[in-house]
Protein chains: 2
Amino acid sequence: MSARLIIALDAMGGDHAPAVVIRGANMALRRKPNLEFVFYGREDQIRPVLDKLKKLKKVSRIVHTEDVVDSNERASVALRSGRNSSMRLAINAVRDGEAAACVSAGNTGALMAMAKFALKMVPGVDRPAMASFFPTLRGESVMLDLGANVVCDADNLVQFTVMGNAFSRSVLGLAEPSFGLLNVGSEEQKGHEELREAAAILREVELPGQFYGFVEGDDIATGTTDVVVTDGFSGNVALKTAEGTVKLYTEFLRRTFRSSPLAQLGYLLAKPAMRKLRKRVDPRRYNGAVLLGLNGIAVKSHGGSDALGFAHAITLAVDLARHRFIDTIRGDIAKLESRSPRTAQAAAV
Amino acid sequence: MSARLIIALDAMGGDHAPAVVIRGANMALRRKPNLEFVFYGREDQIRPVLDKLKKLKKVSRIVHTEDVVDSNERASVALRSGRNSSMRLAINAVRDGEAAACVSAGNTGALMAMAKFALKMVPGVDRPAMASFFPTLRGESVMLDLGANVVCDADNLVQFTVMGNAFSRSVLGLAEPSFGLLNVGSEEQKGHEELREAAAILREVELPGQFYGFVEGDDIATGTTDVVVTDGFSGNVALKTAEGTVKLYTEFLRRTFRSSPLAQLGYLLAKPAMRKLRKRVDPRRYNGAVLLGLNGIAVKSHGGSDALGFAHAITLAVDLARHRFIDTIRGDIAKLESRSPRTAQAAAV
């Protein structure tokens, strides 16, 4: 049905590598047909786990390397000294056309720096951004940047919007996504200068879907827009605040059900339904942040993720590859440049 | 037992004024003894509601004014043309020593501008900040700034920390609060320049409790520190993202319990416990943001709050007044100035 896709995996990235990476690939294989995997990392650690998974083994190969990027290493150091690291080799495979996408649960800053260096930016994009899905009252939405750029100017925000828009069309399958800029109020005069400037540009440029204007923190969960665009500082704060709040609520819920025998009985009856709820808010379902703006697909899995979470990051990479996501972004950014002299000018600098 | 306290109320602020303001005062009166109220606003609208609440009526008076600050009015316009507004008169009462604190559910920007103008800043504080409580796994914590200042420098953040620290000691009753700066990672080199600079100052100055360093979005709900300090943009995003996430989870929970007859029965059994949970995450419990750094107590209630929420905002104002909160802040800021030449210098500019 679908063409064979090769996915490059940094087998050594994340808290539980390489086991979680390999078992995650095994789960992804059951969900998505016609995948092949290349595991980059220490063969003596990868081999024993892979040998136990017959089906996966059949479609996988190992590229041995001793070097591993440490999770605490600075990006600049990793970039210089990690040329033979498992992370870097997985990225290189995408650069060289040997793989359709790469996935790593390793050091975020290093992954960003290496991917930017090796894959280069799509012409017209100044900086890469990290994007991910969020559950909302209306379904799912996309938010970016989630932490790649702590300071952003108006052009960055406009480019992020174009990329987020393309992402929602590719992976959420929306023809006409709505998109908004995260702010501290919906009125035009609110927020930073850069936000007002970006909004002015977005009212001018033509993108599929509709520019909603400014949205606020609570609009993320409401699903007011399909795409929420923000700088990497606010995006990271929002992402982690939402995660923390879900954990808090879940814990309060647990305590509630234990607070009386009647509540405990109630829990037993509601258990199957509750399991569905837990699945729905399960952060593993939303694992996998995409590095947007690069000439190639690189997905970052949460470092503490388990196999299920890692599998989600892989299937996200697969979806992006199958939808020819990079071509979509390239086309949209080119259109933006030809239509908006202000942005084109900035991109040319 | 406790001395009589007079609270000035902007009777016309908020979506459901003046009814919610008056009924909120009535609820606060039942919880806190020895309160008196002055309602500023349109007498013909206040009188009929107040007349029905005998006990409240006995300790209340009305100061009539026709003028009301519109919820969409720009702060600068409100400051100029709202000199006789209900909001401004309530603030003036605090300035003139006629009331121990004021509470308004009206236009946040206008309240901030008017309070800053009329009450003036505590010497050594450059800008006011908004602070509020949050539920955490460990109890409750304080976060600031929640939206008063979208851009902050290192000195602002240090001053916010001193104020948040004093706030947690006064209202949460902590002798040795822990405090941290909100960032996108806990490592020293992370985030904005201003954050790194603020952290360097906070490692030097002596404050009651302990400087934890950087915290992240999920630490807010975890309760990693008793005080979380951030700029008004990120703080506002975090606050509203948390609110939105709670709403989303609550709705998912509602759908879960309706998804099968068994789950519905389970819900019936767990209902009394669930009611306690709802109460625990009830945003009304955390209603009331304090404008810190002013020579007087001004509390902002959520504009859409009901009477219970408004009552919480009043009791917060009462607690702050009873704990002589302004004196605490004055003392701590003075100590900061004498100890940190860098901050003292900036504050003197």
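Cut-off values and rules
Here, residues in each chain are numbered from 1, in the same order as that chain's written sequence. To label them, take the chains in the order written and letter them from A, then take the ligands in the order written and number them from 1. Local features in this predicted model are restricted to residues of pLDDT 70 or higher, and side-chain atom pairs are both shown and tallied only at a pLDDT of 80 or more, whereas totals for entire chains, interfaces and linings draw on every residue. Hydrogens and water are ignored here; the side-chain numbers use all heavy atoms of the structure. Here a strand is any run of E in DSSP of at least two residues, a helix any run of H or I of at least four, and the numbering for each starts at the N terminus. Burial status follows relative accessibility: with a 1.4 Å probe on protein chains alone, a residue under 20% of its type maximum counts as buried, one over 50% as exposed, and anything between as partly exposed. Here a residue-residue contact requires only that any non-hydrogen atoms of the pair lie within 4.5 Å. Defined here as a combined quantity, buried area equals the accessible surface (1.4 Å probe) lost by two parts on assembly, summed across both. Salt bridges are defined as contacts in which a side-chain nitrogen from Lys or Arg sits within 4 Å of a carboxyl oxygen from Asp or Glu. The definition of a polar contact used here is a pair of N or O atoms within 3.5 Å, where within protein one atom must be able to donate a hydrogen and the other to accept one, and adjacent residues in sequence count solely through side-chain atom pairs. Three categories are distinguished: nonpolar for Ala, Val, Leu, Ile, Met, Phe, Trp, Tyr, Cys and Pro, charged for Asp, Glu, Lys and Arg, and polar for the others, with Gly belonging to the last.

Caption draft 1: Molecular detail of unusual backbone geometry. That bond from Leu144(A) to Asp145(A) is cis: its omega, -5 degrees, falls within 30 degrees of zero. Note the cis peptide between Ala17(B) and Pro18(B), where omega equals 0 degrees. Of note, Pro18(B) is situated in the loop between strand 1 (5–10) and helix 1 (19–31). Residues other than glycine seldom take positive phi values, yet Arg324(A) does so here, at roughly 50 degrees. For Arg324(A), the location among the structural elements is in the loop between helix 12 (307–322) and helix 13 (325–339). The exposure class of Arg324(A) is exposed, given its relative accessible area of 58%. In this structure, Asn34(B) takes a positive phi of about 60 degrees despite not being glycine.

Caption draft 2: Fine view of the interface of chain B and chain A. Facing the 52 residues of chain B at the interface are 52 residues of chain A. With both chains or domains summed, chain B and chain A bury close to 5,000 Å², and 73% of this area falls on carbon and sulfur atoms. At the junction of chain B with chain A, the criterion picks out 2 salt bridges. Joining chain B to chain A, the criterion identifies 8 residue pairs in polar contact (both at pLDDT 80 or more). Residue assignment for the side of chain B that touches chain A shows that the elements contributing at least two residues are strand 5 (129–136), helix 9 (217–222), helix 10 (232–258) and helix 11 (261–281) of chain B. When residues in the side of chain B that touches chain A are grouped by element, the largest group, 21 residues, is from helix 10 of chain B. Of the residues assigned to the side of chain B that touches chain A, the class counts are 28 nonpolar, 16 polar and 8 charged.

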